[in-house]
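Working through the structure, step by step
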Amino acid sequence: MATIKYLLAHETDFQLGIVTKTVGQQYIEASSPYPPVGHPKDHLFSPEGGRILQDTHILYIIKGSGWFTSSHQATTHISAGDAIILFPGEWHSYAPDPRTGWTEAWVGFTGEFAEKMLARYGFDVSNPIYNVGVSNKLCIAFEHAYDVAEKQLPAYQQQLAGYIGLIISIIYAKRQQRPYQNNPNMNHINLAMKFMRQNLYHNISMEDVAVEVGMGYTRFRKVFKECTGFPPNQYFLRLKMERAKECLLGSALSCKEIAFELGFDSESYFVKVFRAHEGLSPLAFRKAHTFT
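Attention shifts here to the overall build of the protein chain. Within the protein chain, the regular secondary structure consists of ten helices and eight strands. By the compact-globule yardstick of 19 Å for 292 residues, the protein chain is too spread out, its C-alpha radius of gyration being 25 Å. Expressed along its principal axes, the backbone C-alpha trace of the protein chain runs to roughly 75 × 50 × 30 Å. Scored against the burial criterion, the 292 residues of the protein chain give a buried share of 45%. For the protein chain, restricting intrachain contacts to residue pairs at least 6 apart in sequence, the fraction spanning at least 24 positions comes to 70%. For the protein chain, the exposed surface amounts to about 15800 Å²; the carbon and sulfur share of it is 53%. Distance between charge centroids for the protein chain: 7 Å, based on 28 positive and 27 negative side chains.

Once that is clear, we can look at the side chain of Asn199. With respect to the secondary-structure elements, Asn199 resides in the loop between helix 4 (185-198) and helix 5 (206-212). Residue classification places Asn199 among the buried positions, given a relative accessible area of 15%. At a separation of 2.8 Å, a polar atom in the side chain of Asn199 contacts the main-chain carbonyl oxygen of Phe195.

Attention now goes to the pairing of strand 5 (residues 82-86). Counting buried positions along strand 5 yields five of five residues, so the element is predominantly enclosed. On strand 5, burial covers both faces: Asp82, Ile84 and Leu86 on one face and Ala83 and Ile85 on the other are all buried. Pairing of strand 3 (residues 56-70) with strand 5 involves four bridges; the strand directions are antiparallel. Note on strand 5: the bridge partner recorded for Ile58 is Ile85. When strand 5 meets strand 8 (residues 129-131), the two strands line up antiparallel, connected through three bridges. By the bridge assignment for strand 8, Ile84 is matched with Ile129.

At a minimum axis distance of 10 Å, the contact between helix 7 (residues 232-250) and helix 9 (residues 267-278) shows a crossing angle of 95°. Put simply, helix 7 runs roughly perpendicular to helix 9. Residues Gln234, Leu237, Arg238, Met241, Ala244, Lys245 and Leu248 of helix 7 lie in contact with helix 9, whose contacting residues are Phe270, Val273, Phe274, His277 and Glu278. Its residues placed into classes, the contact of helix 7 with helix 9 shows seven nonpolar, two polar and three charged.

Right, let's get into empty space enclosed by the protein. The tally for this structure, following the rule as stated, stands at two cavities of 30 Å³ or more. In this structure, the second largest cavity occupies an estimated 50 Å³ of space. Split into classes, the residues belonging to the lining of the second largest cavity amount to six nonpolar, two polar and one charged.

Procedures and definitions
Residues numbered from 1 in each chain as written. Predicted model: local features only at pLDDT ≥ 70, side-chain atom pairs only at ≥ 80, totals over all residues. Heavy atoms only, no water. Helix = DSSP H or I, 4+ residues; strand = E, 2+ residues; numbered from the N terminus. Rg over C-alpha atoms; globule rule 2.2 N^0.38 Å. Buried < 20%, exposed > 50% of the residue type's maximum accessible area, 1.4 Å probe, protein only. Contact = heavy atoms within 4.5 Å. Areas by Shrake-Rupley, 256 points an atom, 1.4 Å probe, with all protein chains shown as cover. Lys, Arg positive; Asp, Glu negative; His and termini not counted. Charge placed at Lys NZ, Arg CZ, Asp CG, Glu CD. Polar contact = N/O pair within 3.5 Å; in protein donor to acceptor, adjacent residues only side chain to side chain. Pairing = 2+ DSSP bridges. Axes fitted to C-alpha atoms, helices over the stretch in contact; angles between N-to-C directions. Parallel < 35°, antiparallel > 145°, perpendicular 65-115°, else oblique. Nonpolar A, V, L, I, M, F, W, Y, C, P; charged D, E, K, R; others polar. 1 Å grid on protein atoms, 1.4 Å probe; cavity = no way out; pocket = protein on both sides within 12 Å on 5 of 7 lines; lining within 4 Å. Points joined across faces, edges and corners; volume = space filled by probe spheres on them.

Below, the structure written as structure tokens:
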């Protein structure tokens, strides 16, 4: 069973930088022909001959298994949880395993912003397959995109642009997080970040945090930076600076009051740290972001 939507776009829709061309879902039973009978002829392809698309597509395998090949990718087994990015101008082919069939979802899109987003996240034709796992969030994003495409209410292209960005972001996040999924250190780091948030208004040391999560400080500092990209003391200061900006813009508290609320020993040290992070003093920041 296939549910496919091919979409039109107005000239103004291209100003978004993401224009959705197609959204679909398809269940292929075991031993069934692929593509299924009734597939639109202008989008039909044979797994033996493959095809070249004009727009970028993201194919997500929800159940079952099969194979994929492209100009840059040798024939590779794919299965539930694999996301495949099909780039325009790149020959490719794929099909489900006749023994299992599969359930697939896809979106096809174009636009300058989408291209920049994919490039910024490091997606390219040399590595089109990403094992992100069977993700409820990703399945829901595809389902919601299809629902929007089916109804085609006013501004549906604008809504779909958001879902395309979400789908790309989820795939990127899953790819980045996968090495840490079975990493026991992540439990310690999550506890450390929680402890920092709970003590945002205190002047705690990172040695205190290491003790709290049951790690030696040297190892804690190394693991924390590997997992977050920040040394623990910088992470804690950034949390304080974000809270300081909220206080500056959302309250009438003075710099001195904010400094002591956030556990700084002195107003002058708070101002120094804030300037180092934001490039201007707390009062200058408040003035620059206050509209009268």
